[in-house]
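Residue-level structure breakdown
Next come the chains, spelled out residue by residue.
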Amino acid sequence: RLDRLWRHRRERGEVLRELGLDPGRPTVVVTSHWTPLGNLRRFGSALPKAVLSALPQANVVQTGHPNVWQRVRYDIADPRASLLSRAVRRLRREIAPFDYDSLFRGLEALARTEPRYRLVPPDGTFDALAAADVLVTDWSSVTVEFTLFDKPIVLHRPPGLRPFDRELDAAYFAASH
């Protein structure tokens, strides 16, 4: 993936013009992994709205893991979880599945009303990364991919996140600002 990103990257200005955004503005890309602790599922449109409010001169591009767009109902299992806690989580997901329709209605409404905001599906993630001046992310793998650009990364570690791999956890922290 890193090779594909680097070899096939597009120019920042080209990507932003294609999205209808001003290349003269700084651009913040907000990404998310797909589990319940991810930025999209936890914050919905509140996170890009906060960035837009805090940075009134910036473009904000939102993207995320393909599983969010595919409205996947399962989550990565914690290998340290007990059989009972796994069963309880699965039952909870079946009884009260995440409301993806509401999530996307909110994001699409923001895209219609805010000229500096774009919602980009996962197939445009690499282009979004190439256009970004700053990445705001959670524990998504794009953290590692964005290090190719040597630009600032704001990493949000969700409360309650228990990383499966301590070395990967340390790498994300080392890459972020």
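To keep things clear, this report deals only with the structure shown in the data block.

Rules of the game
Residues numbered from 1 in each chain as written. Predicted model: local features only at pLDDT ≥ 70, side-chain atom pairs only at ≥ 80, totals over all residues. Heavy atoms only, no water. Helix = DSSP H or I, 4+ residues; strand = E, 2+ residues; numbered from the N terminus. Rg over C-alpha atoms; globule rule 2.2 N^0.38 Å. Buried < 20%, exposed > 50% of the residue type's maximum accessible area, 1.4 Å probe, protein only. Contact = heavy atoms within 4.5 Å. Patch = residues over 30% accessible without salt bridge, like charges linked within 9 Å, V, L, I, M, F, W, Y side chains within 5 Å. Areas by Shrake-Rupley, 256 points an atom, 1.4 Å probe, with all protein chains shown as cover. Salt bridge = Lys/Arg side-chain N within 4 Å of Asp/Glu carboxyl O. Expected span 1.5 Å × (residues − 1). Arc of directions from axis to C-beta. 1 Å grid on protein atoms, 1.4 Å probe; cavity = no way out; pocket = protein on both sides within 12 Å on 5 of 7 lines; lining within 4 Å. Points joined across faces, edges and corners; volume = space filled by probe spheres on them. Nonpolar A, V, L, I, M, F, W, Y, C, P; charged D, E, K, R; others polar. Phe/Tyr/Trp six-rings, centres within 6.5 Å; stacked < 30°, edge-to-face > 60°. Lys NZ or Arg CZ within 6 Å of the ring centre and 35° of its normal. Pairing = 2+ DSSP bridges. Axes fitted to C-alpha atoms, helices over the stretch in contact; angles between N-to-C directions.

1. Details of the overall build of the protein chain
Secondary structure assignment for the protein chain yields 10 helices and 5 strands. Its C-alpha radius of gyration of 17 Å places the protein chain within 12% of the 16 Å reference for a compact globule of 177 residues. Dimensions of the protein chain, computed from the C-alpha atoms along their principal axes, are close to 55 × 35 × 30 Å. Within the protein chain, the fraction of its 177 residues that count as buried is 45%. Contacts in the protein chain between residues far apart in sequence, at least 24 positions, make up 67% of those at least 6 positions apart.

2. Concerning unusual backbone geometry
Unusually for a residue other than glycine, Arg71 sits at a positive phi of about 60°. Within the secondary structure, Arg71 sits in the loop between helix 5 (66-69) and helix 6 (83-95). Here the phi dihedral of Asp150 falls at roughly 55°; this positive angle occurs in a residue that is not glycine. Position of Asp150 relative to the elements: it lies in the loop between helix 9 (142-146) and strand 5 (153-155). We classify Asp150 as exposed; its relative accessible area is 72%.

3. Some points on the side chain of Ser176
Position of Ser176 relative to the elements: it lies in the segment after helix 10 (166-175). Leave out the neighbours within four places in its chain, and Ser176 touches Ile153 and Leu155.

4. Description of a nonpolar patch on the surface
A surface patch of nonpolar side chains, amounting to about 370 Å² of accessible area, comprises Leu2, Trp6, Val144, Leu148 and Leu168. In this fold, Trp6 is placed in helix 1 (residues 2-7).

5. Thoughts on helix 7 (residues 100-113)
Helix length check: helix 7 (14 residues) gives 20 Å between terminal C-alpha atoms against 20 Å at 1.5 Å per residue, within 8%. Among all positions of helix 7, only Tyr100, Leu103, Phe104, Leu107 and Leu110 are buried. The buried residues of helix 7 all sit within an arc of 120° when viewed along its axis, so they share a single face. In helix 7, those exposed residues whose orientation departs by more than 90 degrees from the buried face are Arg105, Arg112 and Thr113. On its buried face, helix 7 sits against helix 3 (39-43), helix 4 (46-54), helix 5 and strand 3 (117-119).

6. Observations concerning empty space enclosed by the protein
Counting across every chain of the model gives 1 cavity of 30 Å³ or more. Its boundaries defined by the atoms lining it, the largest cavity holds a volume of some 40 Å³. Of the residues belonging to the lining of the largest cavity, the class tally is 4 nonpolar, no polar and 3 charged.

7. Considering the packing of aromatic side chains
If you walk through the whole model with that rule in mind, you get 3 aromatic pairs. Ring plane angle 75° and centroid distance 4.9 Å describe the contact between Phe98 and Tyr100, whose orientation is recorded as edge-to-face. The class for Phe98 is partly exposed, based on a relative accessible area of 29%. Looking at Arg41, its charged tip hangs above the ring of Phe98, at a distance of 4.6 Å from the centre.

8. A few points about the sheet that holds strand 5
Reading across from one edge, 3-2-1-4-5 is the order of the 5 strands in this open sheet, with parallel pairing throughout. Both outer strands of the open sheet, strand 3 and strand 5, are each paired with one neighbouring strand and no more. Averaged over neighbouring strand pairs, the angle between their axes works out to 15° when direction is ignored. In this sheet, strand 3 lies alongside strand 2 (residues 59-62) in parallel orientation, the contact comprising 3 bridges. Following the sheet pairing, Val61 is matched in strand 3 by Arg118. Against the sheet, helix 4 engages strand 1 (27-30), strand 2, strand 3 and strand 4 (134-137), with an angle of about 165° to strand 2.

The values are spatial; any link to function lies outside them.
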